[in-house]
Structure formats: C-alpha cells, structure tokens
Amino acid sequence: PIFHLPGQPEKAVTVPMFDKARDGFFQQIENIQTDLVVFAHTKDKHSRSKQRTITVLLTPKLDKAVVQVAPPAYTGLAPDERAYQFKNVRALTGSRVQFRLQSNRPLREGVLELSKSPTETERIPLAKSGENEVAGTFEARDSGRLKFSVVDIAGIASEET
C-alpha cells in the first residue's frame, strides 16, 4: 500500500504487502498517530484501489500513577509517596491520600470513584496538575474499591478504568 498524511501526497510512503493466500494481501502499519490516506496498487501499477482515509482517534491511557499518604499529624509520621501499582493502599483513618495520574495525552480532568459498598460510591474529582497529569485528594475514612478514569483536553474519555 501507499499512505500519506491528508493533503500531503508528495510525502507518500510505499510499503510491500504480503500474500496471505485465500485471505488476500496484508500489511500492518504500526504506531499511527494521525489520520492517513491509504490505497493499494499492483506491482506494475496497472490496477489501483480507491483511496481511503483512516481516521485516528487517540484515547487517553493511564501511563503512570503515584500515591502519597500523609498520616494524621498526631502520628508524627512523614508523608510517604510511591508509584501506585493499582493494588491495595493502606492508610490510617484521617490520613490524606493523594493520587496523581499521568497519561499519554494532555488531560483536562479525571474522576476517582471510591466504592464503599455496592450502593455507596464517593466521587472525587481529579483536577489538571500538569499537561498530562491530573490529581485528587481525599481523607481516608473507610475501606473501599478504587476506580479511576481520565478525560483528555479534546473531551475524550479513557476506555480503560
């Protein structure tokens, strides 16, 4: 196939296709970040397919998360910050727990849902704290299940939670 950015046919790239017998011909184009115009032709360029535009919609993906637990002042313990592995977090009641989530895309906002029971869920907003980062803080009071989601600057929500 031949592919190029829309409006830039002078920068077209040609890659070989592989014969998959009854399944036709095949080529995989990796790491596409922008829309592409694509078409195929025979080796002698006698026959050519219609041009098609591949539209790319980039969704935000969580790349990294950091959790900081600041125990209550009466303990005299220093805050502890570490990479969050999406496993259990332990904190004393009254501790301040902050999550910072980093994405592959510039972020606008996010939400942390703390499910305390099947019927009770607390939603903690995550505000923009860097170009590709959102953060939010809550006070540890109850055990629960955490669920994170982020929204990029274009308003596209993460597919995975």
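My aim in this report is to walk through the structure given alongside it, one point at a time. Not measured: the values here are computed from a predicted model. (Residues numbered from 1 in each chain as written. Predicted model: local features only at pLDDT ≥ 70, side-chain atom pairs only at ≥ 80, totals over all residues. Heavy atoms only, no water.)

**So, the overall build of the chain**
Each helix and strand counted, the chain has zero helices and 13 strands in total. The linear arrangement of helices and strands in the chain, starting from the amino end, is β-β-β-β-β-β-β-β-β-β-β-β-β. Relative to the 2.2 N^0.38 estimate, which gives 15 Å for 161 residues, the radius of gyration of the chain is 24 Å and therefore markedly larger than a compact globule would have. Oriented by its inertia axes, the alpha-carbon framework of the chain measures out at about 80 × 35 × 25 Å. Buried residues in the chain amount to 28% of all 161 residues. When contacts within the chain are restricted to residue pairs at least 6 apart in sequence, long-range pairs at least 24 apart make up 55% of them. Computed over 23 positive and 20 negative side-chain charges, the inter-centroid distance for the chain is 3 Å. (Helix = DSSP H or I, 4+ residues; strand = E, 2+ residues; numbered from the N terminus. Rg over C-alpha atoms; globule rule 2.2 N^0.38 Å. Buried < 20%, exposed > 50% of the residue type's maximum accessible area, 1.4 Å probe, protein only. Contact = heavy atoms within 4.5 Å. Lys, Arg positive; Asp, Glu negative; His and termini not counted. Charge placed at Lys NZ, Arg CZ, Asp CG, Glu CD.)

**What about the environment of Leu5?**
Considering the arrangement of structural elements, one finds Leu5 in the loop between β1 (2-4) and β2 (13-14). A relative accessible area of 33% means that Leu5 is categorised as partly exposed. Taking the C-alpha atoms as reference points, Leu5 and Thr34, separated by 29 residues in sequence, lie 7.6 Å from one another. For Leu5, the residues in contact, after removing those within four places along its chain, are Thr34, Asp35 and Leu36.

**Here we look at the pairing of strand β7 (residues 62-70)**
Bridge count for β7 against strand β9 (residues 96-103) is eight bridges, and the pairing is antiparallel. Across the sheet, Val69 pairs through a bridge with Val97, a residue of β9. In this structure, β7 lies alongside strand β8 (residues 80-83), joined through four bridges in antiparallel fashion. The residue bridging Val69 from the neighbouring strand is Asp80, located in β8. (Pairing = 2+ DSSP bridges.)

**Some points on the pattern of salt bridges**
For the structure on display, the rule yields 10 salt bridges. The partner of Arg82 in a salt bridge is Asp80, and the shortest N-O contact between them spans 1.9 Å. The closest approach of N and O atoms between Arg100 and Glu133, which form a salt bridge, is 3.5 Å. Here Arg100 is found in strand β9, whereas its partner Glu133 is found in strand β12 (residues 133-139), with 33 residues between them in sequence. Overall, the relative accessible area of 12% leaves Glu133 in the buried class. The network of salt bridges with common partners includes Lys116, Glu122, Arg141 and Asp142. (Salt bridge = Lys/Arg side-chain N within 4 Å of Asp/Glu carboxyl O.)

Note that all results are geometric; they support no functional claim without further evidence.
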